[in-house]
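Here is how the chains run, residue by residue.
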Amino acid sequence: MSAVTGTVHLVRLVLRRDRIRLPVWILGITAVTAASANAIRSLYETPEEIAGYAATVEASAATRLMNGRPAALDSLDGITVYESSTVAVLAVALMSVFLVVRHTRAEEETGRAELLRSTVLGRHAATAAAFSVAAVASALVGLLDAAVLVANGAAAEGSLLHGASLACLGLLGAAVAAVAAQVTPSARGALGIAGGLVGAAYVVRGLGDVSDTALTWVSPFGWAQGTRPYADDRWWLLVPLLVLAALLAGAAVTLAAHRDFGAGLLQARAGRPRARPSLATGWGLAFRTQRGLLLGWTAGITATAALFGSTGREVVDMVADNPDLAAVFEAGGAGSVLDGYFAFVLSFLAVVSAAFAVSSVLRLKGEEDAGRAEAVLATGLSRTRWALGGLAVTLAGSLLILLCAGLGLGITHALVADDGSAVRVLLGGALAQAPGILALAGCTVLALGWLPRWSGVVGWGVFAFALLQSYLGELLSLPDVVAGLSPFWHLPMVPSEAFTAAPAAVVTSVAAVLTVVGFLGLRSRDIT
Amino acid sequence: MFCIVCRMAEALLLDGVVKTFGTVRALDGFRMQVAEGEVHGFLGPNGAGKSTAMRVLLGLLRADAGTVRLLDGDPWSQAAELHRRLAYVPGDVNLWPNLTGGEVIDLLGRMRGGLDEGRRAELLDRFELDPRKKARTYSKGNRQKVALVAAFASEVELYLLDEPTSGLDPLMEAAFQECVLEAKAEGATVLLSSHILAEVEALCDRVSIIRNGRTAQSGTLSELRHLTRTTVTAETARPVPAIAEVPGVHQPEFQDGKVTFDVDSTHLDDAVRVLSGAGIKALTAHPPTLEELFLRQYGEEITS
């Protein structure tokens, strides 16, 4: 019996369990590319329009941050991949991360893998199966991406190269997750490590591109971008991606061979024999169970905000060095360019932070599914207090994260640019986005109360829509009725726009109503 | 409220309770009554509705129809208030993986309104539980012990125990039985769902048996035995084919001048009369064992 005996059976199990999830990921990523390709073909029809787009992009630090260094923007093909890649590269990497952790560490943690391992199954079969499925899924994403681009009239070689770079990033995501799954004994921890690394690599790439330095090349996302489809078609840059994936996969195998089943490399230490007094209330318990989630998000968002803040001056320099670029901005002057950059960064950080709020609300459902809600609800804690405890953490955590985003951005900018006046403005700008986060949390609470089985789908669905809307909203030229479904669309982009209280008040009220109605549902339904 | 059957104050009552999940009727006109101060066994095959009934009593599920009373209150509308007076041990104990056993015990005890410190320490000792370990490292039996310590360290009037000893070793099983008897001695009421018949026989004053969401039987163990059949083996001077004609006699087998049959307890007298007419040389009769009793209740349609 070899270490991968039985992999085929596990592959079938993975495919059976993910028969809906996986196609949704693959087709979803393809759909984003297809929608972008379609929209761009109708948006930029003349050479002048294309040149105008290229000039705008050259000037925009925010676009560089999100989409990377411009390449081949003199063609519709280049513009299409430039616009759609952000979502595609992150999504394909995260697809693999979720898939691999879900079928390796999560299975081990729940004890289901133990049952499987007692059959004729090799030590590395689970990892091999999850990795193989992730590799095939990534390859499919790549192929479909290339097919969609070619169907829209793009050059075949560049399209294939773009698809191949997506596939390689998916493979790399799977390898990172396979290593992370060896490190911690909990699936949540493994997801945190792998997802954090993907996010960090993306931010590093973005900073390198904004500052136009070699920092870009530290990140694998920089290598994928460096293939420059339709411009130079540098196929050889796929080699380091594949080599790194192979090295990490090898590391995962080595680590797995040196640990016990169910254990991580990080061992659990003995804890406290008595509970602190704070752990006696719904709020105390919710804080304790979400502490890791909150700490991770606060640290991640603060670090990202600090990095964005530190590049603010370079944005100004970039514009100052280039009068042509400055002319693009009608208002002129470095101040407004900087305001636009900061407004974009704040809005982006706020929408991303909403993921914390959604997952924090869904923790209540997680507690219910795991049967732990039953244990506390059989005590003197009422349902309302139980849920309020969780939501208090959601609310306080969201505000804390926004506070840190504003401060991180403002303070690093103040240090780099020697301009302390921005701190207060940026702090206010960050908090001005809070109603949007609360509204997404409210939608999730509503679903939790009335459609508990669909609360995850609803919560993550509205989050995904808000994210897409703020990223690609203008590109997809959504009608206002549709775009307005995202609460963030209604909020002013401080500091480039002035803060107005009315939209904030309306969105906050909507959030409050959604939450209260959700609570009524939660109080009247069965706890399962 | 007053319990008519047992002439004692009533701790909990389910009457005509219906609970459906989609098309499945988990409880279908279920009735159970538990008097204050009694240890009540709650038996039934897997999937019969025991846990559903427990959750209805806890106000986690809302009954579609019927009456539910718990400690003279309504478990749905007064859940939190009533829960201060009871302790619950679920059959499948799930704990927060990053909390230690000690923290979970304190958490549940405090949320219930406080726990007895001396009792907590004593129970940890009795159940040989290390409170410093994270819950994710506990085995099933140890998770069960955490829930048991949290429950018995609280001073409550009612214990709802849903298969509390699945996963415990025989020593711990003995420690558990001690705890139940101590609680009973202090006047508490215990509803004990269990598959371990020796445990039920050792602890319970009365039992209720549930099948397919309905009450199959309810009463003291001796009452239940009385309701069922006695196995009789007799050696007679002359053959007794007539025994097969006696009402209530089932499956008589004749072999080597002996006859063996089951007889409904209400017809035992008739059967013995017929036997004695044939000249009894030897006679053994034994009431059904608990296993036989339950197998019969679990496995056959109720004819009464």
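Quick caveat: nothing in here was measured; it's all calculated off a predicted structure.

A. Geometry of the overall build of chain B. Check the secondary structure of chain B and you find 10 helices and 14 strands. The proportion of buried residues among the 304 residues of chain B is 45%. Counting only contacts in chain B whose residues sit at least 6 apart along the sequence, the fraction spanning at least 24 positions is 71%.

B. Broad picture of the overall build of chain A. The secondary structure content of chain A amounts to 24 helices and zero strands. Its C-alpha atoms give chain A a radius of gyration of 24 Å, within 12% of the compact-globule value 24 Å for 528 residues. Along the first, second and third principal axes, the C-alpha set of chain A runs to 65 × 60 × 40 Å. By the burial criterion, 50% of the 528 residues in chain A qualify as buried. Taking all contacts inside chain A whose residues are at least 6 apart in sequence as the whole, residues at least 24 apart take part in 76%.

C. Structural view of the confidence of the model for chain B. Residue and element names in this part refer to chain B. On average, residues of chain B score 87 in pLDDT, and 94% of them reach the 70 mark or higher. Confidence, read as mean pLDDT per element, is least for strand β1 (residues 2-3) in chain B (51) and greatest for strand β8 (residues 189-193) (95). Reported confidence for the predicted complex is 0.74 by ipTM and 0.75 by pTM.

D. Representation of the nonpolar core within the structure. If you look at the biggest cluster of nonpolar residues, it comprises 156 residues, and the most contacted ones within it are A:Leu440, B:Val149 and B:Tyr159. It is helix α16 (residues 334-369) of chain A that contributes the most residues to this core, 19 residues altogether. Apart from the residues within four sequence positions on either side, A:Leu440 is in contact with A:Ala354, A:Ala357, A:Val358, A:Val462, A:Phe463, A:Ala466 and A:Pro487. Listed in part, the 78 residues of the second largest apolar core include A:Val81, A:Val89, A:Ala125 and A:Tyr230.

E. Quick peek at the interface of chain B and chain A. Across the boundary between the two partners, chain B contributes 32 residues, which contact 28 residues of chain A. Listed by contribution, the elements that provide at least two residues to the side of chain B that touches chain A are α2 (79-83) and α3 (101-111) of chain B. Per-element accounting of the side of chain B that touches chain A gives the leading share, seven residues, to α3(B). Class assignment of the residues belonging to the side of chain B that touches chain A gives a composition of 15 nonpolar, six polar and 11 charged.

F. Representation of helix α1 (residues 50-57) of chain B in the model. Residues and elements named next belong to chain B. The buried fraction of α1 amounts to seven of the eight residues, a majority that puts the element mostly inside the structure. Among the residues of α1, Lys50, Thr52, Ala53, Met54, Arg55, Val56 and Leu57 are the ones counted as buried. Backbone geometry just downstream of α1 places Gly59 in the positive-phi region, at approximately 75 degrees.

G. Here's a closer look at the environment of A:Leu426. Residues and elements named next belong to chain A. Assignment of secondary structure puts Leu426 in helix α19 (residues 422-431). On the neighbour-count criterion, Leu426 (28 C-beta atoms within 10 Å) is buried. Sequence separation between Leu426 and Ala405 is 21 residues, and the spatial gap between their C-alpha atoms is 8.7 Å. Those residues in contact with Leu426, other than ones at most four positions away along the chain, are Phe342, Leu346, Gly406, Leu409 and Gly410.

H. Representation of the domain arrangement of chain B within the structure. According to the domain assignment, chain B consists of domain 1 (2-221) and domain 2 (229-287). Each of domain 1 of chain B and domain 2 of chain B has a C-alpha centre, and the two are 43 Å apart.

I. Quick peek at the pairing of strand β13 (residues 258-264) of chain B. Residue and element names in this part refer to chain B. Residues Val259, Phe261 and Val263 of β13 are buried on one face, while the alternating residues Lys258, Thr260, Asp262 and Asp264, pointing to the opposite face, are not. Here strand β11 (residues 229-236) pairs with β13 via seven bridges, running antiparallel. Bridge pairing in β13 links Thr233 to Thr260. The antiparallel pairing of strand β12 (residues 249-255) with β13 creates a hairpin that spans two residues between the two strands, and Asp256 there sits at a positive phi of about 50 degrees.

J. Inspection of helix α21 (residues 455-472) of chain A at higher detail. Residues and elements named next belong to chain A. Compared with an ideal rise of 1.5 Å per residue, which puts 18 residues at 26 Å, α21 spans 25 Å between its outermost C-alpha atoms and is within 8% of the ideal. Buried within α21 we find Ser455, Gly459, Val462, Phe463, Ala466, Gln469 and Ser470. All buried residues of α21 fall inside an arc of 125 degrees around its axis, so they share one side.

K. The arrangement of the domain arrangement of chain A in detail. All names here are of chain A. Examined at the domain level, chain A breaks down into domain 1 (1-263) and domain 2 (279-528). For domain 1 versus domain 2, the distance between C-alpha centres works out to 25 Å. In this assembly, 19 residues from domain 1 lie in contact with 19 residues from domain 2. If one sorts the elements of the side of domain 1 that touches domain 2 by residue count, helix α10 (residues 187-211) sits on top with seven residues.

L. Just the packing of helix α5 (residues 76-103) of chain A against α10(A), in detail. Residue and element names in this part refer to chain A. Running from N to C, α5 and α10 cross one another at 165 degrees; their axes reach a closest spacing of 10 Å. By the angle between their directions, the pair α5 and α10 is classed as roughly antiparallel. The handedness of the crossing between α5 and α10 comes out as right-handed. Across the interface between the two elements, Leu90, Ala93, Leu94, Val97 and Val101 of α5 pack against Ala187, Ala190, Leu191, Ala194, Gly195, Val198 and Tyr202 of α10. Among the residues forming the contact of α5 with α10, the class breakdown is 11 nonpolar, one polar and no charged.

M. Structural context of the sheet that holds β12(B). All names here are of chain B. The strand order across the open sheet formed by four strands is β12-β13-β11-β14, and the pairing between neighbours is antiparallel. In the strand order of this sheet, the two ends are held by β12 and β14 (280-286), each with one partner. Between one strand axis and the next, the sheet turns through 15 degrees on average, direction left out of account.

Calculation notes
- Residues numbered from 1 in each chain as written.
- Chains lettered and ligands numbered in written order.
- Predicted model: local features only at pLDDT ≥ 70, side-chain atom pairs only at ≥ 80, totals over all residues.
- Helix = DSSP H or I, 4+ residues; strand = E, 2+ residues; numbered from the N terminus.
- Buried ≥ 20, exposed ≤ 12 C-beta atoms within 10 Å, placed from the backbone.
- Contact = placed C-beta atoms within 7 Å.
- Rg over C-alpha atoms; globule rule 2.2 N^0.38 Å.
- pLDDT = per-residue confidence, 0-100.
- Core = buried A, V, L, I, M, F, W, Y, C linked by C-beta atoms within 7 Å.
- Nonpolar A, V, L, I, M, F, W, Y, C, P; charged D, E, K, R; others polar.
- Domains from an automatic or database assignment.
- Pairing = 2+ DSSP bridges.
- Expected span 1.5 Å × (residues − 1).
- Arc of directions from axis to C-beta.
- Axes fitted to C-alpha atoms, helices over the stretch in contact; angles between N-to-C directions.
- Parallel < 35°, antiparallel > 145°, perpendicular 65-115°, else oblique.
- Left-handed = near helix turned anticlockwise from the far one by under 90°.

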